[in-house]
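In case you want the letters, here they are:
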Amino acid sequence: MANKVSGFINRLIVGSEKSEGYARASLPSNRWELFWDIFKGRFWKLVIINLLVLLFFVPLFLLLFFRSTFIAGFGASYPFAQGLGVGYQAPVSLIGYEQQIVINVNLMVYLFLPVALMIAAVGVSGGAYVIRNMVWTEGIFVANDFWRGIRQNIKQMLIIALLFSIVFYLSRLAISVAEYSIATGTGPKWLFVVSNIVSVIFLIFYSVMTMHMITMSVTYDLKLGALIKNSFLFTLGLLPQNAFFLLLGFIPFLLIMFGSFFMAIGIMVIFLMGFSLILLIWTDFCQWAYDRFVNDKVPGAKKNRGIYEKVKESNSEALKQYRRQIAMTRSSLNSRPIKPITDDELKVAELPTSFNREDIVKLNESKQAIYDDYARYVEEHKNDPEFMPTEEEAELQKQAKAREERIEKAKKELMKRKNK
């Protein structure tokens, strides 16, 4: 009873990820499987991470709420729908009033955007670090790792947030001015249409760059210049993939745009795991990109962290590597074939909480099947070149056999003398 209570407390505090039974053979073999494995196996950890990140986004949400409130307030004070002659002077024209309100509000409210984004960056630095460890299938303790991620990545995250706030402020201002000029007919219309389109594209492009910078900053130790350069290359070079995975991650936020029912679902999902879902999808995708384009060029970088190649055929690359390692490190323990562990072969049957004789028979049969399978493997591969003894080993075995024969001969001679 005491052991069960102790095990329950250990799983509650540390989590099953750090238990000794968390074997490498249980890991998925590709990034899609890894995503579903994390989503299903660590769902409540994702919820906790989301709530921690969401806490730091509260100032940003309040800023956006105040912006919409100010726009509504200014709209109520302007003579759009009021009866003329009741305290309001008849305006010459209402063209451009709406765009002018948006410009004035943006100029005022977005001055506080750097502060709100830098507070949000604190939560992102912790959340992105924990999600990265999840994708690497490392054991995590959410609160502890969240704080460690803040300490390790806060400086770069603050710089990333500051740069994004500046780009967003200038781009949004340019868009508002272009919309005002188009509405009022000031200057060539085509010029402001082009300016508007370019500003929107640039803002979207830099937003994707920012997402890459966030993931790179928690994965590699890069200076700001290298961070901007690499994020630019990944944004430009993986444009379709970037669009697909960002759209996939932002589905809960897009639901808000489709009526009250979908809005309710979107808000609920965002509250539970909106931010952690974005970070999980994006980090998983970025780790695939880094394995393909970066990790081979970075000294000491590990590829395919969190996934492994399943061994199914005797000519697979993983089995060849296994045999090469066996040949390089020969000893009395590995001088005979040892079958690699795989996911798709025989497993030991598990006993239910309440078991009977039939369950025990199944358990013994599954164990015997593994023993027989191993014996067949040894018999099939005992003559493989990597398992054949070298000349030195053959000589040592010959000497050992001769020594055993001499010992046996001496024992028999002693027994004869005692009998006499």
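See the structure shown above.
Please read all numbers here as calculations on a predicted model, not as lab measurements.

A. Main features of the overall build of the protein chain. In terms of helices and strands, the protein chain carries 15 helices and 0 strands. Looking at the protein chain as a whole, 36% of its 420 residues are labelled buried. As displayed, the protein chain has an accessible area near 26,500 Å², and 65% of this comes from carbon and sulfur atoms.

B. Just the pattern of salt bridges, in detail. According to the stated counting rule, one finds 5 salt bridges in the structure shown. The residue Asp-284 makes a salt bridge to Arg-31 at a minimum N-O spacing of 3.8 Å. With a gap of 253 residues between them, Asp-284 in helix H12 (residues 259-293) and Arg-31 in helix H2 (residues 31-41) connect regions that are remote in the sequence. Of the two residues, Asp-284 and Arg-31, both sit in the buried class. The salt bridge partner of Arg-305 is Glu-138, with a shortest N-O separation of 2.9 Å. Here Arg-305 is found in the loop between H12 and helix H13 (317-328), whereas its partner Glu-138 is found in the loop between helix H6 (113-135) and helix H7 (142-184), with 167 residues between them in sequence. On the basis of relative accessibility, which here comes to 24%, the residue Arg-305 falls in the partly exposed class.

C. Highlighting the packing of aromatic side chains. Following the criterion strictly, the structure yields 27 aromatic pairs and no others. With a centroid separation of 5.2 Å and an interplanar angle of 85°, the aromatic rings of Phe-43 and Trp-44 are classed as edge-to-face. The exposure class of Trp-44 is exposed, given its relative accessible area of 61%. Ring geometry for Phe-250 and Phe-253: centres 5.6 Å apart, planes at 55°, overall tilted.

D. Expanded view of the packing of helix H3 (residues 43-56) against H12. H12 packs onto H3 with a crossing angle of 95° between their chain directions and a minimal axis gap of 7 Å. Here H3 is positioned roughly perpendicular relative to H12, judged by the angle of their axes. Contact residues: H3 offers Phe-43, Leu-46, Val-47, Ile-49, Asn-50, Leu-51, Val-53 and Leu-54, while H12 offers Ile-270, Phe-271, Leu-272, Met-273, Gly-274, Phe-275, Ser-276 and Leu-280.

E. Quick look at the side chain of Ser-125. By the element assignment, Ser-125 lies in helix H6. A distance of 2.6 Å separates a polar atom in the side chain of Ser-125 from the backbone oxygen of Val-122. Leaving out residues up to four positions away in the same chain, Ser-125 has contacts with Gly-149, Ile-150, Asn-153, Ile-154, Met-157 and Val-218.

F. Representation of helix H9 (residues 224-237) within the structure. Spanning 14 residues, H9 covers 20 Å between terminal C-alpha atoms, matching the ideal 20 Å at 1.5 Å per step. Along H9, the positions that sit buried rather than exposed are Leu-227, Ser-231, Phe-234 and Thr-235. Along H9, the residues classed as buried sweep out an arc of 100° about the axis, all on the same side. Away from the buried face of H9 by more than 90 degrees, exposed residues Gly-225, Lys-229 and Gly-237 are located. Close packing links the buried residues of H9 with H7, helix H8 (189-219), helix H10 (239-249) and H12.

Parameters at a glance
- Residues numbered from 1 in each chain as written.
- Predicted model: local features only at pLDDT ≥ 70, side-chain atom pairs only at ≥ 80, totals over all residues.
- Heavy atoms only, no water.
- Helix = DSSP H or I, 4+ residues; strand = E, 2+ residues; numbered from the N terminus.
- Buried < 20%, exposed > 50% of the residue type's maximum accessible area, 1.4 Å probe, protein only.
- Areas by Shrake-Rupley, 256 points an atom, 1.4 Å probe, with all protein chains shown as cover.
- Salt bridge = Lys/Arg side-chain N within 4 Å of Asp/Glu carboxyl O.
- Phe/Tyr/Trp six-rings, centres within 6.5 Å; stacked < 30°, edge-to-face > 60°.
- Axes fitted to C-alpha atoms, helices over the stretch in contact; angles between N-to-C directions.
- Parallel < 35°, antiparallel > 145°, perpendicular 65-115°, else oblique.
- Contact = heavy atoms within 4.5 Å.
- Polar contact = N/O pair within 3.5 Å; in protein donor to acceptor, adjacent residues only side chain to side chain.
- Expected span 1.5 Å × (residues − 1).
- Arc of directions from axis to C-beta.

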